[in-house]
Amino acid sequence: MTRRLTLRARLALLVAAAVALAVAACAVASWYLTRDRLYQELDRRLGATADGPPGARAGGPPREQRFAHELSRALLACDPAASTTPDGSRLPGPEFMQLVTTAGGPCTVPNAGSLTVTGADRQVARGERASATHDGTGVDSAGTPVDVRVLTRRFISIDGTPAAMSVAIALDEVRGPLDGLALLLTAVSALGVLFSAGAGLLIARASLRPVDQLTGVVEHIARTEDLDTRIPDEGADEIARLSRSFNTMTTALAASRDRQQQLIADAGHELRTPLTSLRTNIDLLLRSEATGRELPAAARHNLLVSVKAQMLELSSLVGDLLELARPAETEPVQETVALHEVLHRAVERARLRGPGLTVVADAAPWYVSGDPASLERAVVNLLDNAVKFSPPGGRVEARLDGGVLTVRDHGPGIPAGDLPHVFERFWRSPSARSLPGSGLGLSIVARVVQDSGGRVALGPAPGGGTLARVDLPGAPHPSD
């Protein structure tokens, strides 16, 4: 049911419940402590009464001796059947007092009420224990039932007859104040609960104010899609940490959106050129058919070759875009790949693309974990990049040794200012913008190598040209 409440209401309810439990515990503890102190006072008074004139201390003052003598006469004259002393005179003593014989019967004292004899009282009368203190019931001199606190002690009459003497005080002296205290504590507890509920609301409102601000910003972002909105994150508490985490998340989302928009813009720009060329060539062919003026065979052949080249460029660009559009969190296929065999296949394809070049490879066995198709595409892209920038009749050298793959060309090289950008999507150096390509090849290489747990770098080669270096973890033998 608490799930239906707001966080503020739940926090206020928890605070109120905690305070209510604390107040209730203190009230109950106070009541029991007061009750124990009042009972201790009753027991003290009962002990003082039992030690006074009713105590019948032998050799005491004349008043005590007379009282002991009267109690002894009462015990000797006691009729167990009638449970009372025959003398109707009132003995000086407490309001409730009676004797208990060794047989367990009560022997009441005139005008001192009567008490219900318990097993503990009988044990004292028989000498099995020295005294007993307990709650009990009795009847006062007016015949009214009363709850009492009873103290029973051993009593030896003047002639040596053993018995027990019980004295008692009515519990109304204790229960009245306790009932009043209970009402007072209940009222105080109720006020405490009300106060705690109000305090809980105030605490919840103050504590959740930063959460309200965070909620407002989130709702604003959801409504406007404005990822540049920031949340105040001063402080070191949990709310400040949450705000900083949320700001970090929105910054990452904004960067991702910017990259997506840039990718779309760059892709549109790259697609525009081959599409425009295709449309122009196809328009020429259609116009020739519509007017009946056939193009010369050589011109028609060149147009068709151009159309085919533009279609291949579009296919390559779409394939590169699909490769880069694969989510980074998508788990690529992982299996053991013979990288040296991949290199040899890629070299054969590079030779077909650069018929006037010399492409050589020197590969020692090396096995890596990765996606076979992606790794072959990455190696082919490296070789294609070397072929593209090699001069006519040039040489491209590929070498694989100990998990390090190098591809070197003897072209013009890459300017130092362009090296930090070579792995960016659609980036092409000014000197290479006239050459075929989409600017995605090296981006794909960087992503595939990263997915395989390796590193890739481009730099100037000794003596001129460019050297690409790929480090991939693996082993010279396939793992079992």
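Residues numbered from 1 in each chain as written. Predicted model: local features only at pLDDT ≥ 70, side-chain atom pairs only at ≥ 80, totals over all residues. Heavy atoms only, no water.

Trainee: Even after reading the chapter, I still don't get the environment of L178, so can you show me in this structure?
Mentor: Structurally, the position occupied by L178 is in helix α4 (residues 172-207). Taking the C-alpha atoms as reference, L178 lies 7.3 Å from W31; in sequence the two are 147 residues apart. Sequence-distant contacts of L178, defined by excluding residues within four places in its chain, comprise W31, T34, R35 and L38. (Helix = DSSP H or I, 4+ residues; strand = E, 2+ residues; numbered from the N terminus. Contact = heavy atoms within 4.5 Å.)

Trainee: Looking at this model, I keep getting lost on the sheet that holds strand β14 (residues 474-475). Mind explaining?
Mentor: Taken together, three strands build an open sheet; the order of strands is β7-β9-β14 and the sheet is antiparallel. Strands at the two margins of the open sheet, each flanked by one partner only, are β7 (335-338) and β14. Summarising the sheet, strand β9 (residues 367-370) and β14 pair through two bridges and their orientation is antiparallel. Counted as the bridge partner of V368 is G474 from β14. Docked against the sheet, helix α8 (residues 339-353) engages β7 and β9, running at close to 55 degrees with respect to β7. (Pairing = 2+ DSSP bridges. Axes fitted to C-alpha atoms, helices over the stretch in contact; angles between N-to-C directions.)

Trainee: How should I be thinking about α4 in this particular structure?
Mentor: Each turn of an α-helix holds 3.6 residues, which means side chains three or four residues apart point in the same direction. The end-to-end C-alpha distance of α4, which contains 36 residues, comes to 50 Å, matching closely the 52 Å that a straight helix rising 1.5 Å per residue would cover. Among the residues of α4, V174, L178, L185, S189, G192, S196, G200 and A204 are the ones counted as buried. (Expected span 1.5 Å × (residues − 1). Buried < 20%, exposed > 50% of the residue type's maximum accessible area, 1.4 Å probe, protein only.)

Trainee: What is the right way to look at the sheet that holds strand β8 (residues 358-363) in this model?
Mentor: Backbone hydrogen bonds hold the strands of a sheet together, and the pairing may be parallel or antiparallel. Strand order in the open sheet made by the five strands is β8-β10-β11-β13-β12, with mixed pairing throughout. Every interior strand has two partners, whereas the edge strands, β8 and β12 (455-460), have only one. Neighbouring strand axes in the sheet, compared pairwise and without regard to direction, differ in orientation by 10 degrees on average. Here strand β10 (residues 395-401) runs beside strand β11 (residues 404-408); their pairing, made up of five bridges, is antiparallel. Pairing of A398 across the sheet is with V407, part of β11. Against the sheet, helix α10 (residues 441-451) contacts β12 and β13 (466-471), and its axis sits at roughly 140 degrees relative to β12.

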